[in-house]
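Understanding the architecture of this molecule
Next come the chains, spelled out residue by residue.
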Amino acid sequence: MKGNETFYSIPWEDLPPTHYVDNRIFCDQKIFDIEQRTIFSKVWKFVCCESELAGTNDFRTTTVAGVPLLIVRGPDAKIRAMVNSCSHRGVKLVEEPAGNARKFECLFHRWTYDARGRCIDIPREEGYACVKIDKAQCGLKQVRCESTRGLVFVNLDDDAAPLEDYLAGCLSVFDDVFGQVELEVLHFHEQVLDTDWKHWQETNMELYHEYLHVLNRKTGMIDPAYFNRAWHAFENGHMAVDPLIIQYEKMQGGASREEHTLPGLKPNEFRILDIFPDVMLNCRASVLRIDTQIPLAAGKTLVQFRGLGVKGEPEQMRRQRIRDHAEFWGPFGRNLPEDALATERQKETMGKASKYSLMAREENRLTQDDFPVREFYRQWERLTGLRAASASMLPE
Ligand code: FES
Ligand SMILES: [Fe+2]
């Protein structure tokens, strides 16, 4: 053996560079740092649902491009995002993932902020008179924050175009669901995966991998219509695939989810929308699942999973919906653990035994075409200025 290339007989050099990627993009920390700077610091990033901040002074914390953020619904009902770092000497202000607080008091020197991020107390403030600083100047740094259809997004870039421009109409795919009833989060869990964030997003785009899932093979792929769904591209790298009716009754012990169908969907209907760079909305009849990611390092990502159901529904219905969700998409469900296993195993070989990854399927943009993954990398290249297929283009 001369090198990694000899593990393959695939003629990589003959392929169009759009049809494969250099696996170092999944494990090189320099690439990760560029992604944080040119993608996650620039795009609108989904952070939570409005229903998670239902009451006055409800808050959530998160991290975007390494910047800790505090998202709060203020007394004026407005949701704001601010940097979760004390203006005095930088201590992370709020440690809890979520909660309710009228004010936030820094543990170090007790500077205190209200739910809008205004600094409302500085102990012995007069000591700063010499440099003419008072608390009116010491609020938390505000970050752009916009909501649509109950989804809250932030953007670290003050010059970015508005959220709706960025989404380029892609959420219209779910408008009939969002428009019918109010949805709320009924499930949340998160998991650190030993895989790169792009690998997770790829599993939500390349449906060729559904051979992985017994569930998909039995309830979806038995239908010829499964293979004939078209992918639709929106500007800025967002992708949606045509719906499918899932035959739940075909799996062992399975039953139709018809009676729990979310308003706006057909019985047992299944839809997917991928929002660049890291979000997937996935409706499977009774529940809307939303994945989003906090990339931690090259080859390591925190994935957050939410399940949404109808707000205010009867308890019995809610229990069934939660059961439906957990059966497929809970941490021990039929679907998620399989994706986690596959993507972690994928990462184990990246840049070592495995030098390139194929994304070369062409099927007229139908279900198992790699078109959505190629579109993803087209946008990735546009923003990072890198070439996904060309290791020689990566910075030293
Ligand atoms: S760092 Fe927060 S009060 Fe000093
Ligand atoms: Fe999957």
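As recorded by an unreviewed UniProt entry, the protein carries the name Rieske 2Fe-2S domain-containing protein and is attributed to Pusillimonas minor. The UniProt entry for the protein carries the following text under Sequence similarities (unreviewed entry): "Belongs to the bacterial ring-hydroxylating dioxygenase alpha subunit family."

Taken together, the protein ligands of the iron ion (ligand 2) are His209 (NE2), His213 (NE2), Asp339 (OD) and Asp339 (OD), with distances of 2.1 to 2.5 Å. Coordination at the iron ion (ligand 2) is irregular: its four donor atoms span angles of 57 to 145° at the metal. Given a relative accessible area of 1%, His213 falls into the buried group. Under the relative-accessibility criterion, Asp339 is labelled buried at 4%.

Next up on the list: the sheet that holds strand β13 (residues 231-233). Spatially, the seven strands line up as an open sheet ordered β12-β18-β17-β16-β15-β14-β13, and their pairing is antiparallel. A single partner strand is all that each edge strand has here, and the edge strands are β12 (183-193) and β13. Within this sheet the neighbouring strands show an average axis-to-axis angle of 15°, counted without direction. Pairing of β13 with strand β14 (residues 239-245), which is carried by three bridges, proceeds in the antiparallel orientation. Residue pairing across strands places His232 opposite Ala240, the latter belonging to β14.

Taking 1.5 Å per residue as the helical rise, helix α6 (residues 315-329) with its 15 residues ought to reach 21 Å, and the 20 Å between its terminal C-alpha atoms agrees with that figure. The complete set of buried residues in α6 reads Arg318, Arg321, Asp324, His325, Phe328 and Trp329. The buried residues of α6 occupy an angular sector of 120° when projected down its axis, which confines them to one face. Turned more than 90 degrees off the buried face of α6, the exposed positions are Glu315 and Gln316. Considering only its buried residues, α6 is in contact with β12, α5 (214-219), β16 (279-284), β17 (287-297), β18 (300-310) and α7 (336-349).

Of all the 11 residues making up β18, 10 are buried; the element is thus mostly covered by neighbouring parts of the structure. In terms of strand pairing, β12 meets β18 through 10 bridges, oriented antiparallel. Note on β18: the bridge partner recorded for Leu183 is Val310. As judged from the nine bridges shared by β17 and β18, these two strands associate in the antiparallel manner. In the sheet register, Thr292 faces β18, and the bridge partner there is Gln304.

On to the UniProt feature "domain: Rieske" (unreviewed entry) in the protein. Using the residue numbers shown here, the UniProt feature "domain: Rieske" (unreviewed entry) corresponds to residues 44-154. The distance separating the terminal C-alpha atoms of residues 44-154 is 5 Å; by composition the span is 0% helix and 42% strand.

Cut-off values and rules
Residues numbered from 1 in each chain as written. Chains lettered and ligands numbered in written order. Predicted model: local features only at pLDDT ≥ 70, side-chain atom pairs only at ≥ 80, totals over all residues. Heavy atoms only, no water. UniProt positions renumbered as here; feature names shortened; annotations may be inferred. Donors = N, O, S within 2.8 Å, 3.2 Å for Na, K, Ca; no water. Tetrahedral: all angles 85-135°; square planar, octahedral: opposite > 155°, others 65-115°. Buried < 20%, exposed > 50% of the residue type's maximum accessible area, 1.4 Å probe, protein only. Pairing = 2+ DSSP bridges. Helix = DSSP H or I, 4+ residues; strand = E, 2+ residues; numbered from the N terminus. Axes fitted to C-alpha atoms, helices over the stretch in contact; angles between N-to-C directions. Expected span 1.5 Å × (residues − 1). Arc of directions from axis to C-beta. Contact = heavy atoms within 4.5 Å.

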